[in-house]
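This is what each chain is made of:
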Amino acid sequence: MSDNIAYSSYAILRELNNREFIRKLGLFPEELRYYVILANSIIGTENAKRVKETPDSVVENSKEFVSKLLAISNMDNNDSFREILETYLIETLKDELRYCCSNCANFNKCLDIENLSVGLLFKRCAEGEETDEIKKEISLQVENALHSTPHLDTEMAHTLCNDFRHQYSSSGVGEVFGRYSDIALELQNSYGIDYKKIQQAMISINMDFFKKSMGKKQ
């Protein structure tokens, strides 16, 4: 993968992650949003540790950031934080399995990722040339590119687009559930979340995914 394609993907992914974070942030009262930021960082780090494509430097930076947040927080016997952590984990799994454009195997093709120029700008930002003008142009180019993927905010892209094909097959999705099950167990050990609650939610999510997968094949 060329630098331009890789950095174009990073620019798109950052925008999508920001959108999902804002959506999840809105699920909780404003006075609890610090906990939401912490939950996002913890679960992001746990996912990064378990996805082999994640660079080691990214994992280490994420761990360091979480450690700093925890150092200024008091999570002992904090039921509100545990509930947020549980909800955030479930919502993150749902995001990864939603039937929407960003989870389609044809996503990069629809974006025409190979011909986007935003990667060159994003690389300049990543290397320190982070001017307001460049950041504004990156946002504009990413927004324009995403117009080619109109079903980002749905869970029914398989009924709206004849070419939709989920990035995970019904037979291969078990690896995803295994990853989230491992994360849930880690969070139970570290923060005391309700592991059985996560398991029950995962069963429901799995059934919904399988149902949609079968519906697409018919």
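Up top you'll find the structure we're talking about.
Residues numbered from 1 in each chain as written. Predicted model: local features only at pLDDT ≥ 70, side-chain atom pairs only at ≥ 80, totals over all residues. Heavy atoms only, no water.

Enquirer: Would you mind going over the overall build of the chain with me for this structure?
Expert: Within the chain, the regular secondary structure consists of 10 helices and zero strands. Going residue by residue from the N terminus, the α and β elements of the chain occur as α-α-α-α-α-α-α-α-α-α. Computed over C-alpha atoms, the radius of gyration of the chain comes to 18 Å, within 12% of the 17 Å expected from 2.2 N^0.38 for 218 residues, which places it in the range of a compact globule. Considering only C-alpha atoms, the chain reaches an extent of 50 × 50 × 30 Å along its principal axes. Residues classed as buried in the chain amount to 43% of the 218 residues present. Looking at the chain as shown, the accessible area adds up to about 12800 Å², and 49% of this sits on carbon and sulfur atoms. (Helix = DSSP H or I, 4+ residues; strand = E, 2+ residues; numbered from the N terminus. Rg over C-alpha atoms; globule rule 2.2 N^0.38 Å. Buried < 20%, exposed > 50% of the residue type's maximum accessible area, 1.4 Å probe, protein only. Areas by Shrake-Rupley, 256 points an atom, 1.4 Å probe, with all protein chains shown as cover.)

Enquirer: Where do I start with the pattern of salt bridges in this structure?
Expert: Two side chains that carry opposite charge are able to pair once their charged atoms sit near each other. Tallied over the entire structure, the rule returns 21 salt bridges. Among the ionic pairs, Arg 19 bridges to Glu 143, the shortest N-O distance being 3.0 Å. Here Glu 143 lies in helix H7 (residues 132–146) and Arg 19 lies in helix H1 (residues 3–25), a separation of 124 residues in the sequence. In this structure, the salt-bridge partner of Glu 86 is Lys 197, at a minimum N-O distance of 3.0 Å. Within this pair, whereas Glu 86 is found in helix H4 (residues 79–97), its partner Lys 197 is found in helix H10 (residues 195–217), the two being separated by 111 residues in sequence. For Glu 86, a relative accessible area of 7% translates into the label buried. Taking relative accessible area as the criterion, Lys 197 reaches 32% and is therefore assigned partly exposed. A single salt-bridge network, built from bridges that share partners, covers Glu 20, Arg 23, Lys 24, Glu 91, Lys 94, Asp 95 and Arg 98. (Salt bridge = Lys/Arg side-chain N within 4 Å of Asp/Glu carboxyl O.)

Enquirer: Mind showing me how you'd approach the layout of surface pockets here?
Expert: Any space left empty among the atoms is revealed by the rolling of a water-sized probe across them. Roughly 180 Å³ of internal volume is contained in the second largest pocket. What lines the second largest pocket is a set of 13 residues, among which Cys 101, Cys 104, Asn 106, Cys 110 and Cys 161 lie closest to the centre. A class-by-class count of the residues in the lining of the second largest pocket yields seven nonpolar, four polar and two charged. (1 Å grid on protein atoms, 1.4 Å probe; cavity = no way out; pocket = protein on both sides within 12 Å on 5 of 7 lines; lining within 4 Å. Points joined across faces, edges and corners; volume = space filled by probe spheres on them. Nonpolar A, V, L, I, M, F, W, Y, C, P; charged D, E, K, R; others polar.)

Enquirer: Teacher, can you tell me more about helix H3 (residues 56–71) here?
Expert: Three or four residues apart is the spacing at which side chains of an α-helix point the same way, because the helix has 3.6 residues per turn. The first and last C-alpha atoms of H3 sit 23 Å apart over 16 residues, in line with the 22 Å expected at 1.5 Å per residue. Turning to H3, its buried residues are Val 59, Val 66 and Leu 69. Buried residues in H3, looked at end-on, bunch into an arc of 90 degrees, giving them a common side. Turned more than 90 degrees away from the buried face of H3, the exposed residues are Asp 56, Asn 61, Lys 68 and Ala 71. Buried residues in H3 make contact with helix H2 (33–50). (Expected span 1.5 Å × (residues − 1). Arc of directions from axis to C-beta. Contact = heavy atoms within 4.5 Å.)

Enquirer: Looking at this model, I keep getting lost on the packing of H4 against helix H9 (residues 174–191). Mind explaining?
Expert: Each pair of packed helices gets described by two things: the angle between the helix axes and the distance between those axes. Where H4 meets H9, the closest approach of the two axes is 11 Å, and the angle between their N-to-C directions is 170 degrees. Judged by the inter-axis angle, H4 sits roughly antiparallel to H9. For the pair H4 and H9, the contacting residues are Phe 81, Arg 82, Leu 85, Leu 89, Thr 92, Leu 93, Glu 96 and Leu 97 in the first and Val 176, Phe 177, Arg 179, Tyr 180, Ile 183, Ala 184, Leu 187 and Tyr 191 in the second. Along the lines of polarity and charge, the residues of the contact of H4 with H9 split into 12 nonpolar, one polar and three charged. (Axes fitted to C-alpha atoms, helices over the stretch in contact; angles between N-to-C directions. Parallel < 35°, antiparallel > 145°, perpendicular 65-115°, else oblique.)

Enquirer: In this structure, what is going on with H9? I would like to understand it.
Expert: In this model H9 runs 25 Å from its N-terminal to its C-terminal C-alpha over 18 residues, within 8% of the 26 Å that 1.5 Å per residue would give. Of the residues making up H9, those classed as buried are Val 176, Phe 177, Arg 179, Tyr 180, Ser 181, Ile 183, Ala 184, Leu 187 and Tyr 191. At the C-terminal side of H9, Gly 192 shows a positive phi close to 75 degrees.

Enquirer: Quick question: what am I supposed to make of unusual backbone geometry here?
Expert: With the exception of glycine, the majority of residues adopt a negative phi angle, and the majority of peptide bonds are in the trans configuration. Not every positive phi belongs to a glycine, and Asp 112 is a case in point at roughly 55 degrees. Tracing the chain through its elements places Asp 112 in the loop between helix H5 (107–111) and helix H6 (118–126).

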